Amino acid sequence: AKGLEFPVVFLVGLEDHLIPHLKSQTKQGVEEERRLLYVAITRAMETLCLSMARKRPYHGKLTSCSPSRFLFEIPKNLLKVVSWK
């Protein structure tokens, strides 16, 4: 079944180098990652919660994270941004 399946969907880790993944940086790879995110988003019937970390451990160091480039493709009027500061 495709489309609406769950009342609430949480998608976490929406940071560049995670979504799209660092290893999928070809045009075809990024498009597949975009498609998979779209599929996940369209599973939400009522509420969709998108989240990302401000900092994440990477090779033993705490590094700053950037939002996934895909988040900027979502129209702003569809989002309710909650500050993480």
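Scroll up to find the structure this text is about.
The structure displayed is predicted, hence computed values, not measured ones. (Residues numbered from 1 in each chain as written. Predicted model: local features only at pLDDT ≥ 70, side-chain atom pairs only at ≥ 80, totals over all residues. Heavy atoms only, no water.)

Q: Hey, could you go over the environment of Met45 for me, with residue numbers and the actual values?
A: Turning to its location among the elements, Met45 is positioned in strand S2 (residues 44-50). Between the C-alpha atoms of Met45 and Val8, which are 37 residues apart in sequence, the distance is 6.6 Å. Sequence-distant contacts of Met45, that is, excluding residues within four places in its chain, are made with Leu4, Glu5, Phe6 and Pro7. (Helix = DSSP H or I, 4+ residues; strand = E, 2+ residues; numbered from the N terminus. Contact = heavy atoms within 4.5 Å.)

Q: Tell me what's going on with the side chain of Glu15, and back it up with residues and numbers.
A: Note on placement: Glu15 falls in the loop between strand S1 (6-11) and helix H1 (27-41). Look at Glu15 and you get buried, because its relative accessible area is 2%. Among the polar contacts listed, one links the side chain of Glu15 to the backbone nitrogen of Ala53, at a separation of 2.7 Å. When sequence neighbours within four positions are dropped, the list of residues in contact with Glu15 reads Met52, Ala53, Arg56, Cys65, Ser66, Pro67 and Ser68. (Buried < 20%, exposed > 50% of the residue type's maximum accessible area, 1.4 Å probe, protein only. Polar contact = N/O pair within 3.5 Å; in protein donor to acceptor, adjacent residues only side chain to side chain.)

Q: Explain H1 residue by residue, including any values.
A: Relative to the 21 Å expected for 15 residues at 1.5 Å per residue, H1 spans 21 Å between its end C-alpha atoms, a close match to the ideal helical length. Every buried residue of H1 is accounted for by Gly29, Val30, Glu33 and Leu37. The buried residues of H1 all sit within an arc of 95° when viewed along its axis, so they share a single face. Residues of H1 that are exposed and point more than 90 degrees away from the buried face comprise Lys27, Gln28 and Tyr38. Against S1 lie the buried residues of H1. (Expected span 1.5 Å × (residues − 1). Arc of directions from axis to C-beta.)

Q: Describe the pairing of S2, and please don't skip the residues or the numbers.
A: With five bridges connecting them, S1 and S2 associate as parallel partners. In the sheet register, Phe10 faces S2, and the bridge partner there is Cys49. (Pairing = 2+ DSSP bridges.)

Q: Pulling in residues and values, what's your account of the side chain of Ser24?
A: Take Ser24: it is sitting in the loop between S1 and H1. Of the residues examined, Ser24 reaches a relative accessible area of 12% and is grouped as buried.

Q: Quick one: what's the story with the environment of Lys27, residue by residue and with numbers?
A: One can find Lys27 in helix H1. A relative accessible area of 68% means that Lys27 is categorised as exposed.

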